[in-house]
Amino acid sequence: MKKPKGGHDDHKVSSDPGVEKQSITACLLSAAFFGALGSSFLYGYNLSVVNAPALYIKAFYNKTWVERYGNPIPAETATMLWSITVSIFAIGGLFGALSVSFIIKVVGRRGTLLLNNIFAVIAALLLSLGEISKSFEMLIIGRIVMGVNSGVALSALPMYLGEISPRHIRGFIGQFNSILICLGVFTGQVLGLPELLGQESRWNFLFSFLAVPAILQLCVLPFLPESPRYLLMEKRDEKAAEKAFQRFLGKKDVSQELEEVHAEARAQDNLHTVSVLQMLRSPAVRWQLITIIVTMACYQLCGLNAIWYYTNGILREAGFAENILPYITLSTGAVETLAAIISGLVIERIGRKPLLIFGFSSMAVFFSLLTVFLYFQVSFFFYLKSFLVIKVSAIFFSSSGGIPFVLTGELFEQPYRPAAFMIAGTVNWLSNFAVGLLFPFIQEKLQSFAFLVFVVVCILGSTYLCVVLPETKNKTFMDISLSFARINKMPCPPPGHEIELTLSITPDKNGKTQEVTKMESFF
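Cut-offs and rules
Residues numbered from 1 in each chain as written. Predicted model: local features only at pLDDT ≥ 70, side-chain atom pairs only at ≥ 80, totals over all residues. Heavy atoms only, no water. Helix = DSSP H or I, 4+ residues; strand = E, 2+ residues; numbered from the N terminus. Buried < 20%, exposed > 50% of the residue type's maximum accessible area, 1.4 Å probe, protein only. Contact = heavy atoms within 4.5 Å. Areas by Shrake-Rupley, 256 points an atom, 1.4 Å probe, with all protein chains shown as cover. Axes fitted to C-alpha atoms, helices over the stretch in contact; angles between N-to-C directions. Parallel < 35°, antiparallel > 145°, perpendicular 65-115°, else oblique. Left-handed = near helix turned anticlockwise from the far one by under 90°. Expected span 1.5 Å × (residues − 1). Patch = residues over 30% accessible without salt bridge, like charges linked within 9 Å, V, L, I, M, F, W, Y side chains within 5 Å. Salt bridge = Lys/Arg side-chain N within 4 Å of Asp/Glu carboxyl O. Lys, Arg positive; Asp, Glu negative; His and termini not counted. Charge placed at Lys NZ, Arg CZ, Asp CG, Glu CD. Phe/Tyr/Trp six-rings, centres within 6.5 Å; stacked < 30°, edge-to-face > 60°.

Enquirer: What is the right way to read the overall build of the protein chain from this model?
Expert: A count of helices and strands for the protein chain gives 24 helices and 2 strands. Here the protein chain, with 523 residues, has 59% of them falling under the buried criterion. Partitioning the intrachain contacts of the protein chain with sequence separation of at least 6 by distance along the chain shows that 80% fall at a separation of at least 24. Accessible surface computed for the protein chain: about 20,900 Å², of which carbon and sulfur atoms make up 67%.

This is the structure in structure tokens:
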């Protein structure tokens, strides 16, 4: 096999600016688009789809309650039921995130995405038939099932995209996750317009639409390759990995790509797939793990999910006319989608770290302004400023929104990746649930000052990222691990050597496993 330029020092080879950069192939774009269409698109769609028909769904809850118990539903019960309907989506997401590592081991990255469509179809049936069946419980269960789908998708998809992408466009391909989330949000807003499905007689069709992207993914994704890294490092199938690389990269000679994966495999030769507990105890990835937890928590607690869930309610309380609310929401979704696309185009030039810090810092500033404008309610200027601040905040969020998922795939090498996504997914969905459940009560208690909670989160998050996070663009997974070696207080490699990090699992006297972390150099 032909040795890549630079000899045995693979981590130096990976950072060589002279490495040939291939053009983006139709196969790679198709995998990114259709993989995200049946995954992150559905997640985004479910963030916004409950917004437009909220009044009709609440009326359905009240009607069903009266038919069952003979009395109107109490106000507190109505608020609680609606909060549960919105936030239970995140509980399903948590279950999905916790199960994804086990599913991936059995059926792989692509297989997990395909299998996950079963949950989308079941959820579509439950949600669309709930009104006919006079059961609001079906809506709640449907939201849980759809949450499971999103929990699996938001872990399996970034893993798949990160492993099929050449490193010089890994951020761009990874941003398909964010772009399709925003496109899903926008689609939910468009279909929720009063002229389309946002009517009392049609709102259940909003949920029937969930099956469409799932079916499209089932029709296309089976004909696209599995992750070559998964095939080579976990299935030990070099021929299948070579064919996958050839299709994704559009060239016959993929010896350099195979050698890069082989180098990582040699470095992880004795390191089997790591469990969550082993990962939490391992000093070799301690700061990577802290960074992902902080980033994922800030991603959900920065306040934009509150706007996605409760946009109409926020604007209604701010005094906007009822008939223009859907169009304000729609314009915000359009701007978010455009910003996400621009972010995908510039991420490989600007980098992950600057975009994240810029996004969180800017949101802190504009949420502070939103608080001021909400407190000093001055007729036309108040409405205009509130509208602009929400839109600008959405722009800054979209510019960095998909990067936490990209980072989760980049900061960890192959054996750690499933456990890392499980932990990141858990933090992501618990934070999502907290926002969905608590924001109505926070808004009720703090009123104009509700968004100051998110300001604090954004400031703390941007400060941490500025101090700790290294830039990861155009680096191999081994390069990124080496950049964390010093902060993790692990030995750094001397020039001309590679580092093999092995995590040996050896039985003790009682037959239980012990974790031994060691560093070995080899030529």
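From this point on, the discussion continues.
Enquirer: What is the right way to read the packing of helix α3 (residues 40-48) against helix α9 (residues 176-191) from this model?
Expert: When two helices pack together, their arrangement is given by the angle between the helix axes and the distance between those axes. Taken N-terminus to C-terminus, the directions of α3 and α9 make an angle of 40°; their axes are 6 Å apart at the nearest point. The angle between the axes of α3 and α9 places the two elements in the oblique class. Note on packing geometry: the crossing formed by α3 with α9 is right-handed. Contacts between α3 and α9 involve Ser40, Phe41, Tyr43, Gly44, Tyr45, Leu47 and Ser48 from the first element and Phe176, Asn177, Leu180, Ile181, Leu183, Gly184, Val185, Thr187, Gly188, Gln189 and Leu191 from the second.

Enquirer: I keep staring at unusual backbone geometry and nothing clicks. Help me out?
Expert: Negative phi is the rule for most residues except glycine; trans is the rule for most peptide bonds. The phi angle at lysine 134 is positive, at roughly 55°, despite the residue not being glycine. With respect to the helices and strands, lysine 134 occurs in the loop between α6 (117-129) and α7 (136-164). In this model, asparagine 474 sits at a positive phi of 60°, which is unusual for a non-glycine residue. By the element assignment, asparagine 474 lies in the loop between α23 (452-468) and α24 (477-483). A residue is classified by how much of its surface remains accessible, and asparagine 474, at 25% relative accessible area, is partly exposed.

Enquirer: Would you explain α9 in this entry?
Expert: Count 3.6 residues to each turn of an α-helix, and residues three or four apart come out pointing the same way. For α9, with 16 residues, the first-to-last C-alpha span of 22 Å sits near the 22 Å given by 1.5 Å per residue. Most of α9 is tucked away, with 13 of its 16 residues classed as buried.

Enquirer: What am I meant to see in the environment of methionine 159 here?
Expert: With respect to the helices and strands, the residue methionine 159 is situated in helix α7. The class of methionine 159 is buried, set by a relative accessible area of 1%. The spacing of methionine 159 and phenylalanine 405 is 246 residues in sequence and 8.5 Å in space, taken between C-alpha atoms. Not counting residues up to four positions away in its chain, the partners in contact with methionine 159 are Ile104, Arg109, Arg417, Pro418 and Phe421.

Enquirer: Looking at this structure, how should I read a nonpolar patch on the surface?
Expert: On the surface, Val372, Tyr375, Phe376, Leu446, Phe449, Leu452 and Val453 cluster together into a nonpolar patch covering about 630 Å² of accessible area. Where the nonpolar patch is concerned, the elements lending two or more residues are α19 (352-375) and α23. Following the sequence through the fold, leucine 452 ends up in helix α23. Judged by relative accessible area, which is 37%, leucine 452 ranks as partly exposed.

Enquirer: Help me understand a negative patch on the surface in this model?
Expert: A cluster of like negative charges, contributed by Asp237, Glu238, Glu242 and Asp253, occupies part of the molecular surface. Position of glutamate 238 among the secondary structure elements: in helix α13 (residues 238-249). For glutamate 238, a relative accessible area of 32% corresponds to the partly exposed category.

Enquirer: How should the packing of aromatic side chains be read in this particular structure?
Expert: Two aromatic rings are characterised by how far apart their centres lie and by the angle between their planes. Throughout the structure, instances matching the rule amount to 16 aromatic pairs. Consider the rings of phenylalanine 367 and phenylalanine 454, whose centres lie 6.3 Å apart with planes at 45°: the pair is tilted. Taken together, the positions of phenylalanine 367 in helix α19 and phenylalanine 454 in helix α23 put the pair 87 residues apart, joining distant regions of the chain. Both residues of the pair, phenylalanine 367 and phenylalanine 454, belong to the buried class.

Enquirer: Would you mind showing me how to read the pattern of salt bridges here?
Expert: Where charged atoms from two side chains of opposite charge come close, those side chains can pair. By the definition in use, this model includes 10 salt bridges. The residue glutamate 260 makes a salt bridge to arginine 229 at a minimum N-O spacing of 3.3 Å. Remark: arginine 229 occurs in helix α12 (residues 228-233) and glutamate 260 occurs in helix α14 (residues 255-267); sequence separation between them is 31 residues. By relative accessible area, arginine 229 is classed as buried at 6%. Taking the shortest distance from any N to any O, the salt bridge between lysine 251 and glutamate 257 comes out at 3.2 Å.

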